[in-house]
Amino acid sequence: MGISQYIKVIGRGKQGARALTREQASDLFGQVLDRSVTDLEIGGFCLAMRIKGETADEMAGFLDATYQRLNRLPATDRPLIVLPSYNGARKLPVLTPLLALLLAREGLPVLVHGTPTESSRIFSSEVLQALDIHALTAIKTIANGEVAFAPTELLCPGLKQLLDVRRAVGLRNPAHSLVKIMNPCLGKSLVISSYTHPEYAESMALTFALIQANALLLRGTEGEVVADARRTPQMEAFIAGKRLLLQEAQPGTLPTVPDLAKTIDPASTAAYIQAVMAGRQPVPASIARQVEHILHLVPQL
């Protein structure tokens, strides 16, 4: 079906719009990823979905279309830990690379994937570069104990282009939610996912259950998948879609707040991460707890 017919369904405002079926959503999103429609039609799709919001069936359909076009990584020896990183740092250092290195130190293969989505933030890719972890230029198998960074355009060029629409219209679109729940690996894996607002927590949980995903979901730091170093957030697991509460949120700040990097630039953040990995600085308690939960889930995959 042509994209204009889908926009008629989803573009009638918050009250008048109807949800697409999983199959319709897959057809629509495939056309968008293939760029077989005009920029104007893509803009219409993005704005309509921003107003309506995505259902679990629609997100599952969007994922179906993405997986048909995704350059997926080969299966790894141990389950691959997937860390999507798309929000970056605005006020606090982006510590997703620290989480990745802590997990790799436990012998797990770790994939960070992402792309800068705004011009005013510091992103994991920049911190990883400062840590001498360079972006992949080709799909490869990730070794146990290795941290690899895959730019979104390597995984799916159409998805990168859709994420970039935000720079033109100033609003997020379904791609920004999709990249946080997609699994770029063919073998056993655990997707670590985060949300910024409570309403996204439930919609993401419903999608994980529908697609029978293996995932850990939490409210991360400024939208990143790493736990906030200042407090302990709620953490939920999904094993083959079955939902399990791992960690209740702790109100307020932790009794001892770590001495983080004073600035959020890549060099300062990398220096702080190196100090933690070398034992000169303690691992923030909430991040250490997140690592424990992940290690507990890995044998269940």
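Just so we're clear, the structure is a prediction, and the values are computed from it rather than from any experiment. (Residues numbered from 1 in each chain as written. Predicted model: local features only at pLDDT ≥ 70, side-chain atom pairs only at ≥ 80, totals over all residues. Heavy atoms only, no water.)

Student: How should I be thinking about the overall build of the protein in this particular structure?
Tutor: Across its full length, the protein holds 13 helices and seven strands. If one aligns the C-alpha atoms of the protein with their principal axes, the spans along those axes are about 60 × 40 × 35 Å. Expressed as a percentage of the 301 residues in the protein, the buried residues total 55%. Within the protein, counting contacts between residues at least 6 apart in sequence, those at least 24 apart form 72% of the total. Accessible surface for the protein amounts to roughly 12,600 Å². Of this, 52% is attributable to carbon and sulfur atoms. Charge separation in the protein, taken as the distance between the mean sites of 30 positive and 27 negative side-chain charges, equals 3 Å. (Helix = DSSP H or I, 4+ residues; strand = E, 2+ residues; numbered from the N terminus. Buried < 20%, exposed > 50% of the residue type's maximum accessible area, 1.4 Å probe, protein only. Contact = heavy atoms within 4.5 Å. Areas by Shrake-Rupley, 256 points an atom, 1.4 Å probe, with all protein chains shown as cover. Lys, Arg positive; Asp, Glu negative; His and termini not counted. Charge placed at Lys NZ, Arg CZ, Asp CG, Glu CD.)

Student: Before we go on, may I ask you to explain the packing of helix α5 (residues 56–69) against helix α11 (residues 198–210) in this structure?
Tutor: Two packed helices can be described by the angle between their axes and the distance between those axes. Where α5 meets α11, the closest approach of the two axes is 9 Å, and the angle between their N-to-C directions is 60 degrees. Here α5 lies oblique to α11, going by the angle between them. Considering how the two elements wind past one another, α5 and α11 form a crossing that is right-handed. The residues of α11 that touch α5, namely those facing A56, D57, M59, A60 and L63, are L206, T207 and L210. Considered class by class, the residues forming the contact of α5 with α11 number six nonpolar, one polar and one charged. (Axes fitted to C-alpha atoms, helices over the stretch in contact; angles between N-to-C directions. Parallel < 35°, antiparallel > 145°, perpendicular 65-115°, else oblique. Left-handed = near helix turned anticlockwise from the far one by under 90°. Nonpolar A, V, L, I, M, F, W, Y, C, P; charged D, E, K, R; others polar.)

Student: Looking at this model, I keep getting lost on the pairing of strand β2 (residues 110–114). Mind explaining?
Tutor: Regular strands place their side chains on alternate faces of the sheet. Among the five residues that make up β2, five are buried, leaving the element largely enclosed by the rest of the structure. Every second residue of β2 is oriented toward a common face, with V110, V112 and G114 on one face and L111 and H113 on the other, all of them buried. Two strands pair when backbone bridges link them, and strand β1 (residues 80–84) and β2 are joined in this way by four bridges, in the parallel orientation. Across the sheet, V82 pairs through a bridge with L111, a residue of β2. In the classification by handedness, the crossover that spans β1, the intervening helix α6 (residues 96–105) and the parallel β2 is right-handed. (Pairing = 2+ DSSP bridges. Right-handed = clockwise from strand over helix to strand, strands pointing away.)

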